[in-house]
Number of protein chains: 4
Amino acid sequence: MSRPAVSRRSIGARPNPETSDAILDAAADLLRRKGLRGLTTDAIAREARASKTTLYRWWPNRGALLLALYVRAKGGSTREDTGSLVEDVARTYARVFGAWQNEGRLFSLIIAEAQHDDGVAEALTAFRKERVADWLPVLRRAEKRRELADDADLEVLAESIVAHAWFYLLTKRLDADPFVLAANVLHPWLRKQDS
Amino acid sequence: MSRPAVSRRSIGARPNPETSDAILDAAADLLRRKGLRGLTTDAIAREARASKTTLYRWWPNRGALLLALYVRAKGGSTREDTGSLVEDVARTYARVFGAWQNEGRLFSLIIAEAQHDDGVAEALTAFRKERVADWLPVLRRAEKRRELADDADLEVLAESIVAHAWFYLLTKRLDADPFVLAANVLHPWLRKQDS
Amino acid sequence: MSRPAVSRRSIGARPNPETSDAILDAAADLLRRKGLRGLTTDAIAREARASKTTLYRWWPNRGALLLALYVRAKGGSTREDTGSLVEDVARTYARVFGAWQNEGRLFSLIIAEAQHDDGVAEALTAFRKERVADWLPVLRRAEKRRELADDADLEVLAESIVAHAWFYLLTKRLDADPFVLAANVLHPWLRKQDS
Amino acid sequence: MSRPAVSRRSIGARPNPETSDAILDAAADLLRRKGLRGLTTDAIAREARASKTTLYRWWPNRGALLLALYVRAKGGSTREDTGSLVEDVARTYARVFGAWQNEGRLFSLIIAEAQHDDGVAEALTAFRKERVADWLPVLRRAEKRRELADDADLEVLAESIVAHAWFYLLTKRLDADPFVLAANVLHPWLRKQDS
DNA sequence: TGTTAATCGAGACGGTACGTCGGGTCTTGCC
DNA sequence: GGCAAGACCCGACGTACCGTCTCGATTAACA
């Protein structure tokens, strides 16, 4: 699927939102068709029938663009609420791993980019904090249901859940069983069964 | 400190280990003096008085060389044995974070490189497995000391320990308190105090 | 004499002639200072404060660049007009041999390069045809002056003149006496003296 | 057609002629199959199941090897004797151009190599002188037959004949009609028809 | 209705690094 | 000593990708 031949034009002395959308669309397209290696700034610009200048007008560098792409692609960070924490985490792992199968390598790339780009690193930090924070309501519900051990530190648990997801992404094990992983990660945190 | 002027020569129709050593030496030297950005293939070859051809005879690409460099620099993966698992893990975290402060960005870079180089990815997988396996004896000792909960899965725990280390590296939090981290990570796995 | 520090920039979405000029200038400079061995693509780019990408944007390969350099350096292919064909040819030989003393090895190199690069070969063919054609007006003047035998084929003679020049270049006899050579080459073509 | 699997061995403390033969055979084979670009020292050595050391024991550099290869391939420099000079030259041109069609590009390469290798240049000079000298007997016979103009300088003519052959080789016109060329080259040298 | 100011497409450009290629030298171990 | 094998140094080549720059066309808001 190639981009349409009509080229967007200026809409006056202000940014055209269609332009940034078209750029992200093009990038997503490229990612799907060519993989990570195809995501060069030149290719994105060409695919989007945009100019590199425009690319850099919208994002300060390649990493920022990639992060924007990832955020948009990922959609809402909805957490499940099944009434069981293991189930909630497992489903989230399943969903996230599924998404990562496609464009999760994109996220790896962002992590990589963050290693030598402070701007990307900052954005990534913010992103991580949000993801960790997303878990707190879920964990609090589980606490109320008395699923967790009494001394469980919710923030630490939230980080652990995220850390394992990242670890599996970076070590290319997205095909792992999300239920097993969730069970393993959560197991020590759960309230011991009263006999 | 520049390299000595003596040049290694062929030692016949077989690889000369001195050559690869010299290359890694040169790379380590460069890393220390110029940082990550100085670790170009050209610079390494020049510094080692080697040819790039030779470099690529030993490692298929830059990432593989970097991994070799990291592995060698890291030295033995000795795990502590203090009689307390938390203490063991905390000390290892402390040691590893300390090492990473210096050349941990090297490791980040390798992880990054692995995302678009299958050879590096494979090497990294092997490396991760080794690191995880390194923990098993330590965990078994803790098990014998009855520090761990009865149903603790040692492999899962080992992975968790490593995962958190990587997570902190990649999210640039090497200044975190290793003892707090160790305590947090291990806490749910520990045997509940019998009152 | 190093190049000035001012760096040329883009002049919009079209090639900047100043750039190619600067590249050829730099190459000429290098040739004079370092000789043929100094004419590497890297050195030329560095000297011209250009990037290798730009170099290859202008010429498809090193040989093409060298040919452009040669053509420009040679200047106009002005042929003499002394009223005597032998004199004309001799003077041209003298001038060309003189030029070749300096950068004629450049021309040899181009001929060499043409042997395994079709692009250069084509350019060289075109160049040869031009040089041969350059002689025709001169020969026609000589014909009018009744210097040449009646049955002289001007095109063949033109080629012969050029062929001998190349032959002497390639066999490294640029120190030969151009007048003797011209006399020898032309002698059989000249009208026999009427007694 | 690949080389036999048996490898020649040393025949004691003296050069093994089979070795140099095998090397030239291999080079000829490569030239035919892969063209000029395939004639690298590595490839020749591999093809001949020889070592590069041996290559350089027999010839001081690549150019010398190529020249040896050319001389051997060309066979005797027999000149024709048909009773007509034009016919003699035309036939020789035909024969040489035919040979060059196959491996004449090799000769171009040697000329090229001579431009930056003095050893090859010397060998080439000697070779040229021989080729020019080869013509003298032929020309003397023609002189006796009164085919040539009285004032023809035989040495100059011989050089001219050779120069045109080289020129056509280097300008990639081996498909030219050798008879036309011979006629053109010789025409001004021939005795004018008495009417 | 012109003038201004900004967006935008296009693509040349500098810079930096990568991986590859080829020539020629060397050392070992076998004959 | 010749010879096969192949590691090694050196130097160069062509390619890739990033981020910057300059043009000229376009359009909306303002004069």
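What you see is a predicted model; the values in this text were computed from it and never measured.

## As for the pattern of salt bridges
Residue and element names in this part refer to chain A.
Here is step 1 of the chain: Going through the model one piece at a time under the given rule, you end up with 52 salt bridges over all chains.
Here is step 2 of the chain: One salt bridge connects Asp81 with Arg141, and the closest N-O pair in it is separated by 3.2 Å. With Asp81 in the loop between α4 (62-74) and α5 (85-114) and Arg141 in helix α6 (residues 118-144), this pair connects stretches of sequence that are 60 residues apart.
Here is step 3 of the chain: The network of salt bridges with shared partners includes Asp29, Arg32, Arg33 and Glu47.

## Describing the environment of Asn16 of chain B
All names here are of chain B.
Here is step 1 of the chain: Here Asn16 is to be found in the segment before α1 (17-34).
Here is step 2 of the chain: Distance from Asn16 to Glu130, taken between C-alpha atoms, is 27 Å for residues 114 residues apart in sequence.
Here is step 3 of the chain: The contacts of Asn16, once residues within four sequence positions are left out, are Arg9, Ile11 and Trp58.
Here is step 4 of the chain: Here the side chain of Asn16 touches Glu18 through a polar contact of 2.9 Å, landing on its backbone nitrogen.

## A few points about the protein's contact with DNA strand F
Here is step 1 of the chain: The environment of DNA strand F is made up of 56 residues, and the closest members are Thr53 and Tyr56 of chain A, Tyr56 and Arg62 of chain C together with Asn16 of chain D.
Here is step 2 of the chain: Taking the atoms of DNA strand F that fall within 4 Å of the protein, sugar and phosphate contribute 63% of them.
Here is step 3 of the chain: Interatomic distance of 3.2 Å between a side-chain N/O atom of Ser10 of chain B and a base nitrogen of DNA strand F.
Here is step 4 of the chain: Between Ser51 of chain B and DNA strand F, the recorded distance is 3.2 Å, taken from a backbone N or O atom to a phosphate oxygen.
Here is step 5 of the chain: Taken together, the elements giving at least two residues each to the surface near DNA strand F come down to α2 (41-47) and α3 (52-58) of chain A, α3 (52-58) of chain B, α2 (41-48) and α3 (52-58) of chain C together with α3 (52-58) of chain D.
Here is step 6 of the chain: Among the elements that line the surface near DNA strand F, the one with the most residues is α3 of chain B, at five residues.
Here is step 7 of the chain: A per-class count over the surface near DNA strand F returns 12 nonpolar, 26 polar and 18 charged.

## Focus: the relation of the copies chain C and chain D
Here is step 1 of the chain: After a rotation of 177 degrees and a shift along the axis of 0.2 Å, chain C superposes on chain D with an RMSD of 0.7 Å. Accordingly, the operation relating the two chain copies is best matched by a two-fold axis.
Here is step 2 of the chain: Here 100% of the interface residues in chain C have copies in chain D that are interface residues too; the copies meet face to matching face.

## A short note on empty space enclosed by the protein
Here is step 1 of the chain: Inspection of the entire model under this criterion finds 12 cavities of 30 Å³ or more.
Here is step 2 of the chain: Approximately 60 Å³ is the volume found for the largest cavity.
Here is step 3 of the chain: Around the largest cavity, the lining residues are Val156, Ser160, His164, Val185 and Trp189 of chain A together with Ser160, His164, Asn184, Val185 and Trp189 of chain B.
Here is step 4 of the chain: At the level of elements, α7 (154-170) of chain A together with α7 (154-170) and α8 (178-186) of chain B are the ones that each hand at least two residues to the lining of the largest cavity.
Here is step 5 of the chain: With three residues, α7 of chain A is the single largest residue contributor to the lining of the largest cavity.
Here is step 6 of the chain: Grouping the amino acids of the lining of the largest cavity by side-chain chemistry returns five nonpolar, five polar and no charged.

## Side note on the protein's contact with DNA strand E
Here is step 1 of the chain: Every one of the 52 residues lining DNA strand E counts as a neighbour, but Asn16 of chain A, Thr41, Tyr56 and Arg62 of chain B together with Arg62 of chain D are closest to it.
Here is step 2 of the chain: The backbone of Arg49 of chain A places a nitrogen or oxygen atom 3.3 Å from a phosphate oxygen of DNA strand E.
Here is step 3 of the chain: The side chain of Tyr56 of chain D places a nitrogen or oxygen atom 2.6 Å from a phosphate oxygen of DNA strand E.
Here is step 4 of the chain: Elements with a minimum of two residues in the surface near DNA strand E: α3 of chain A, α2 (41-47) and α3 of chain B, α3 of chain C together with α3 of chain D.
Here is step 5 of the chain: A total of five residues in the surface near DNA strand E trace back to one element, the largest contributor, which is α3 of chain C.
Here is step 6 of the chain: Partitioned by chemical class, the residues of the surface near DNA strand E number 11 nonpolar, 25 polar and 16 charged.

Rules of the game
- Residues numbered from 1 in each chain as written.
- Chains lettered and ligands numbered in written order.
- Predicted model: local features only at pLDDT ≥ 70, side-chain atom pairs only at ≥ 80, totals over all residues.
- Heavy atoms only, no water.
- Salt bridge = Lys/Arg side-chain N within 4 Å of Asp/Glu carboxyl O.
- Helix = DSSP H or I, 4+ residues; strand = E, 2+ residues; numbered from the N terminus.
- Contact = heavy atoms within 4.5 Å.
- Polar contact = N/O pair within 3.5 Å; in protein donor to acceptor, adjacent residues only side chain to side chain.
- Near = heavy atom within 4 Å.
- Nonpolar A, V, L, I, M, F, W, Y, C, P; charged D, E, K, R; others polar.
- Least-squares fit on C-alpha atoms with pLDDT ≥ 70 in both.
- 1 Å grid on protein atoms, 1.4 Å probe; cavity = no way out; pocket = protein on both sides within 12 Å on 5 of 7 lines; lining within 4 Å.
- Points joined across faces, edges and corners; volume = space filled by probe spheres on them.

That is the geometry; function is a separate question.
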